[in-house]
Amino acid sequence: MLHIISKIKLIFNKIKKYFFFKKKFKFPKKSSILIYDCNGIDIFQELLNNKSYEVLNFREEINLTVMLKCLIKLKFRKKDYLIEYIKIVNPKLIITYTDNDIFFYKLKNIFKEKIVTISIQNGIRALTGDILGVLRDSQEKIKLSSDWIFTFNDKVGLELKKFISTNTLSIGSIRNNLNPISFSKNKIKDSILLISQYVSSSPEEDKKLVLHLFQLLLDYTKKNNKTLGVLTRGQRDEEISFFEKHGKNQFHFVKKNFQNSYHWIDKYEVTVSIDST
């Protein structure tokens with residue numbers, strides 16, 4: 001009985017989620033390039049310049065004509081929708097910035113040699129709470145492959161190759177690479193910038209580590225008459241409250257967005273982080 005109730009709740013939550021999605025009525029355009037997921041779309045806009053491409057945005061919108069086509073075929077799963085969408089676009093290249101989406105690595109085996117697939121690493125990959133751990137602990141024998149995965153470093157590439165049949169190329173962080181280093185002389189004098197990695201849902205051990213580093217920097221900047229800035233991950237109340245509670249008036253916030261984060265890193269004399277990308 002509990003199992004049935006939980007399934008009903010799951011279906012209801014999915015319907016509620018899709019209700020707020022942006023609705024599209026026209027069929028997707030055919031294109032030789034398909035961006036899988038809208039994550040990192042700003043990067044692809046810069047990389048692809050004026051090239052034509054289609055975006056499979058399943059986070060924020062739903063194409064009702066594609067969905068109707070699936071329903072007619074009695075196909076109701078998310079993966080059916082994704083496959084149908086790709087068939088309509090008929091791309092030669094599918095590329096994604098969501099490198100921890102396991103279903104992406106099934107596409108090569110579904111479409112065989114018709115497409116080339118490339119994924120680009122967008123963040124730190126770990127053996128706990130991430131794709132590497134999921135694949136390691138999976139009881140299901142899944143055949144996963146991609147033509148290329150562009151990684152931060154060779155170590156990540158070697159780990160991914162244990163589970164995914166692919167070529168890898170170490171390129172570092174593509175978002176970082178697209179931001180030229182500014183050797184500005186107008187740096188904030190005697191300044192230190194802490195890149196916040198506080199996440200409210202993180203284990204307590206991770207929060208304690210963030211707090212310990214923050215307190216060390218507060219002590220150091222106070223003793224050495226330096227300025228401490230905290231570059232926030234977002235603008236969430238929990239993150240702001242965490243630093244305000246422990247730092248009082250001994251620091252200032254630097255609010256983050258993708259356009260100005262690298263600008264602020266270049267403006268401070270010293271940048272400190274635990275493992276930020």
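Look a little higher up for the structure.
Our subject in this report is the structure included herewith. Per-chain numbering applies: the sequence of each chain, read as written, is numbered from 1 onward. At least 70 in pLDDT is required for a residue's local features to be given in this predicted model, at least 80 for side-chain atom pairs to be given and counted, and no such filter applies to totals for whole chains, interfaces and linings, which use all residues. For the side-chain quantities, the full set of heavy atoms in the structure was used; hydrogens and water were omitted.

**Comments concerning the packing of helix 9 (residues 204–223) against helix 10 (residues 237–247)**
Argument step 1. One way to put it is that helix 9 packs onto helix 10 with a least axis distance of 11 Å and a crossing angle of 45°. Considering the angle they form, helix 9 stands oblique to helix 10. Between helix 9 and helix 10 lies a crossing whose hand is right-handed. Along its contact with helix 9, which presents Lys207, Val210, Leu211, Phe214 and Leu218, the element helix 10 presents Phe242, Phe243, His246 and Gly247.
Argument step 2. For this classification, the nonpolar set comprises Ala, Val, Leu, Ile, Met, Phe, Trp, Tyr, Cys and Pro, the charged set comprises Asp, Glu, Lys and Arg, and every other residue, Gly included, is treated as polar. For the contact of helix 9 with helix 10, a count of residues per class yields 6 nonpolar, 2 polar and 1 charged. To get an axis, fit a line to the C-alpha atoms, keeping to the stretch in contact for a helix; angles then go from 0 to 180 degrees between the N-to-C directions. Per the convention used, a helix needs a DSSP run of H or I reaching at least four residues, while a strand needs a run of E reaching at least two, with both numbered from the N terminus. Our angle categories are set so that under 35 degrees counts as roughly parallel, over 145 as roughly antiparallel, 65 to 115 as roughly perpendicular, and the remainder as oblique. Two helices crossing with the near one rotated counterclockwise from the far one by less than a right angle form a left-handed crossing, whereas a clockwise rotation gives a right-handed crossing. Should any heavy atoms of two residues lie within 4.5 Å, those residues are counted as being in contact.

**Looking at the sheet that holds strand 6 (residues 116–120)**
Argument step 1. Strands were regarded as paired on the criterion that DSSP finds at least two bridges between them. In space, the 6 strands of this open sheet follow the order 3-2-5-6-7-8, with parallel pairing throughout. Each edge of the open sheet is held by one strand with a lone partner, namely strand 3 (54–56) and strand 8 (165–170). Pairs of neighbouring strands in the sheet enclose a mean axial angle of 25°, with direction left out of account.
Argument step 2. In the sheet, strand 5 (residues 93–96) pairs with strand 6 via 4 bridges, with the strands oriented parallel. Across the sheet, Ile95 pairs through a bridge with Ile118, a residue of strand 6.
Argument step 3. Sheet strands touched by helix 4 (residues 78–89): strand 2 (33–36), strand 3 and strand 5. Its angle to strand 3, the strand with the most contacts, is close to 170°.
Argument step 4. In this fold helix 7 (residues 154–161) packs onto strand 7 (145–151) and strand 8, with an angle of close to 175° to the strand it touches most, strand 8.

**Considerations on the pairing of strand 10 (residues 227–231)**
Argument step 1. Burial classification: accessible surface area is computed with a 1.4 Å probe over protein chains only, and a residue below 20% of its type maximum counts as buried, one above 50% as exposed, and the rest as partly exposed. Counting buried residues in strand 10 gives 4 out of 5 residues, a clear majority hidden from the surface.
Argument step 2. In the sheet, strand 9 (residues 188–195) pairs with strand 10 via 5 bridges, with the strands oriented parallel. Along strand 10, the bridge assignment pairs Ser191 with Thr227.
Argument step 3. Crossovers are described as right-handed under a simple rule: with the strands pointing away from the observer, the path leading from the first strand over the helix to the second runs clockwise. Between the parallel pair strand 9 and strand 10, the chain is carried across by helix 9, and the sense of this crossover is right-handed.
Argument step 4. Bridge count between strand 10 and strand 11 (residues 252–254): 3 bridges; the pairing is parallel.

**Things to note about the packing of aromatic side chains**
Argument step 1. Each aromatic pair joins two rings of Phe, Tyr and Trp (for Trp, the six-membered one) with centres within 6.5 Å, and gets the label stacked for planes under 30 degrees apart, edge-to-face for over 60, and tilted for any other angle. On inspection of all chains with the given rule, the structure shows 11 aromatic pairs.
Argument step 2. Ring centres of Tyr81 and Tyr85 lie 6.1 Å apart, and the angle between their planes is 55°; on these two criteria the pair is classed as tilted. Of this pair, Tyr81 and Tyr85 both sit in helix 4, separated by 4 residues, roughly a single helical turn.
Argument step 3. Owing to a relative accessible area of 4%, Tyr85 belongs among the buried residues under this scheme.
Argument step 4. Arranged with centres 5.1 Å apart and planes meeting at 85°, the rings of Phe242 and Phe243 form a pair that is edge-to-face.
Argument step 5. Residue classification places Phe243 among the buried residues on the basis of a relative accessible area of 0%.

**Comments concerning the environment of Lys22**
Argument step 1. Its place among the elements puts Lys22 in strand 1 (residues 22–24).
Argument step 2. Residues Lys22 and Glu60 lie 38 residues apart in sequence; the distance between their C-alpha atoms is 6.2 Å.
Argument step 3. Leaving out residues up to four positions away in the same chain, Lys22 has contacts with Glu60, Glu61 and Ile62.

**Looking at the packing of helix 3 (residues 64–72) against helix 4**
Argument step 1. Interhelical geometry of helix 3 versus helix 4 gives an angle of 115° and a closest axis separation of 9 Å. When the axis of helix 3 is compared with that of helix 4, the two are roughly perpendicular. As helix 3 packs across helix 4, the resulting crossing turns out to be right-handed. Seen from helix 3, the contacting residues are Val66, Met67, Lys69 and Cys70; seen from helix 4, they are Asp80, Tyr81, Glu84, Tyr85 and Ile88.
Argument step 2. Of the residues assigned to the contact of helix 3 with helix 4, the class counts are 6 nonpolar, no polar and 3 charged.

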